[in-house]
Amino acid sequence: CFEYWCANQAGLGELDEHKQSEVFRNNLTVFAGYYDEFFAIDGSVRVEAKSLSFGSMEQAEFEACYSALINAAIKHVFENTRDEQILNRLQSFF
């Protein structure tokens, strides 16, 4: 998912790949609806991805999170694709 996104972005070749992959993962987690909101001193709202630990989740929570992450990837990374090959790869990735 991250590699696909990187391939479609211009000018990312000089960025730290590890840091960028963490930012990507956090963004996808927020898009999936797993985030906390905080108020900054200036009154603006800051959104931070929740730390996900799949091993400590109940099965129903895991399945909901898994589905939300896949849906977020389809919408925000793969532009609402209906390509079965991409969808199957997403299912196997997550």
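Described in the following lines is the structure provided in the data block. This is a predicted model, so every value here is computed, not measured. (Residues numbered from 1 in each chain as written. Predicted model: local features only at pLDDT ≥ 70, side-chain atom pairs only at ≥ 80, totals over all residues. Heavy atoms only, no water.)

Time to look at the nonpolar core. Counting residues in hydrophobic clusters, the biggest one holds 19 residues, and the most contacted among them are Cys1, Leu28 and Leu90. Mapped onto this core, the elements with two or more residues apiece are helix 2 (17-31), helix 3 (59-76) and helix 4 (84-93). Examining the composition of this core, we find that 8 residues originate from one element, helix 3, more than from any other. When neighbours within four sequence positions are excluded, Cys1 is seen to be in contact with Phe24, Leu28, Ala73, Val77, Phe78, Leu90 and Phe93. (Core = buried A, V, L, I, M, F, W, Y, C linked by side-chain atoms within 4.5 Å. Buried < 20%, exposed > 50% of the residue type's maximum accessible area, 1.4 Å probe, protein only. Helix = DSSP H or I, 4+ residues; strand = E, 2+ residues; numbered from the N terminus. Contact = heavy atoms within 4.5 Å.)

Time to look at the environment of Cys65. By the secondary structure assignment, Cys65 is in helix 3. With relative accessibility at 0%, the residue Cys65 sits in the buried group. Here the alpha-carbon distance between Cys65 and Phe38, two residues 27 residues apart in the chain, equals 22 Å.

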